[in-house]
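In case you want the letters, here they are:
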Amino acid sequence: MIYLPIIGAFTLATGTIILKKILSKKKVNIKLYQTAEFIAIALVMVPLLFFFWKLTPEAFELKNILILAGIVTISIIANLFVFYSMKWEKLTNLEPAKVLEPLFVILIAIVFSFIFGEALFERNTNIIIPGLIAGAALVFSHIKKHHLDFNKYFIAAMIGSLLFACEMVMSRLILDFYSPISFYFVRCTFIALISLAVFRPKFKKLDTKMRWKIFGLAFIWVAFRVLMYYGYIELGVIHTTLILMLGPVLIYVFAWKFLKEKLDWKNTVAAGIILASVLYAILA
């Protein structure tokens, strides 16, 4: 199970680079992209449901339906904030905000562990301490003087990171009532239907090539989220998040390699700290 979040980190980095390239196109606005992408994700998952469908009666309890509704609502808002920031700002400029997400996840999971118990959210110091160290190293390695002048895109990315962290931790409350695949399908289907009803996008703006790109990206998001959910169930939220911190490091490296964005030496140091933290958590 250790390998699943590692693979997830690679899919996250790859998907983020492709997403940036898609959103950079003038004809693709964020509402159109959000609706199209979540429809594509739902369609990609339909064949998998025949093999991995799971939905227990507990999922239909009122409290769990309300949690799901909260997750869907927060996800819609979080995606809009993130897509807005990514469309108009460089990835490297947004990274200090994006890398707050795993730190937010760990902090929220710690709080939830005292509310909902250790059965769902681990309080193992061998995991929490390396996670906090890695998260802090990742954040501080990305902060530069010009980032202290927060623009609207940076603030949007930061809000999106906080909302995504809340949504991810909340997901663990009801994951046991679904398989990771069925949960992601239900989540994304509701997001697609609500986005379609509210935004009423004009899909004609998407040419055939762009539609195939969005469909291909859907496979990447399915792989990332399903692997993350499996990690949450088998390893725990904080342990999985620690390993997924390899993702932001890879995003920065990929942005340097494929988008020709400048690579800061401090990220090399952060990568070393994160790798050491991950190894410690695995071997401890």
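This one's a predicted model, so the numbers in the text were calculated from it and none came from an experiment.

On the surface, a cluster of positive charge is contributed by Lys21, Lys25, Lys209 and Lys213. Relative to the elements of secondary structure, Lys25 occurs in the loop between helix 1 (3-23) and helix 2 (30-52). Residue class for Lys25 comes out partly exposed when judged on its relative accessible area of 38%.

The next point concerns empty space enclosed by the protein. Under the definition given, this model contains 1 cavity of 30 Å³ or more. Along the wall of the largest cavity there are 30 residues; nearest its centre are Leu12, Lys98, Glu101, Met168 and Phe224. At 5 residues, the largest contribution of residues to the lining of the largest cavity is made by helix 9 (residues 208-234). Class assignment of the residues belonging to the lining of the largest cavity gives a composition of 21 nonpolar, 3 polar and 6 charged.

Quick look at the confidence of the model for the chain now. When pLDDT is low, close inspection of the predicted coordinates is not appropriate. Per-chain confidence: the chain averages 81 in pLDDT, with 80% of residues scoring 70 or above. The spread of mean pLDDT over the elements of the chain runs between helix 11 (residues 246-258), the lowest at 67, and helix 8 (residues 180-199), the highest at 93.

What follows deals with the pattern of salt bridges. Tallied over the entire structure, the rule returns 3 salt bridges. With its nearest N and O atoms 3.0 Å apart, the salt bridge here joins Glu167 to Arg187. Residue Glu167 is found in helix 7 (residues 152-171), and its partner Arg187 is found in helix 8; the two are separated by 20 residues along the sequence. With relative accessibility at 0%, the residue Glu167 sits in the buried group. The partner of Arg225 in a salt bridge is Glu167, with the nearest N and O atoms 2.9 Å apart. Taken as a pair, Arg225 in helix 9 and Glu167 in helix 7 lie far apart in primary sequence, 58 residues in all. Residues joined in a network through salt bridges with shared partners are Glu167, Arg187 and Arg225.

Thresholds, definitions, all that
Residue indices follow the written sequence of each chain, beginning from 1 at its first position. This being a predicted model, a pLDDT of at least 70 is required before a residue's local features are given, and a value of 80 or more before pairs of side-chain atoms are given or counted; all residues contribute to the totals for chains, interfaces and linings. Side-chain calculation: all heavy atoms of the structure are included, whereas hydrogens and water are not. Patch members must show over 30% relative accessible area and no salt bridge, and they are joined within 9 Å when carrying like charges or within 5 Å when they are nonpolar side chains of Val, Leu, Ile, Met, Phe, Trp or Tyr. Shrake-Rupley sampling with a 1.4 Å probe provides the accessible areas, and residues are treated as covered by the protein chains on show and by no other component. Between Lys or Arg on one side and Asp or Glu on the other, a salt bridge is scored when a side-chain nitrogen of the former is within 4 Å of a carboxyl oxygen of the latter. His residues and chain termini do not enter the charge count, which takes Lys and Arg as positive and Asp and Glu as negative. Positions of charges follow a simple convention, taking NZ of Lys, CZ of Arg, CG of Asp or CD of Glu. Put simply, DSSP H or I for four residues or longer makes a helix, DSSP E for two residues or longer makes a strand, and each gets a number counted from the N terminus. Whether a residue is buried, partly exposed or exposed follows from its accessible area with a 1.4 Å probe, protein chains only, as a fraction of its type maximum: under 20%, in between, or over 50%, in that order. Whether a set of points on the 1 Å grid over the protein atoms alone is a cavity depends on a 1.4 Å probe fitting there but being unable to get out, while an open set qualifies as a pocket with protein on both sides within 12 Å along at least five of seven lines; lining residues are those with an atom within 4 Å of a point. Grid points are joined across faces, edges and corners, and a volume is the space filled by probe spheres set on the points. Polar here means any residue other than Ala, Val, Leu, Ile, Met, Phe, Trp, Tyr, Cys and Pro, which are nonpolar, and Asp, Glu, Lys and Arg, which are charged; Gly is therefore polar. One number per residue, pLDDT, summarises how confident the predictor is, and it ranges from 0 to 100.

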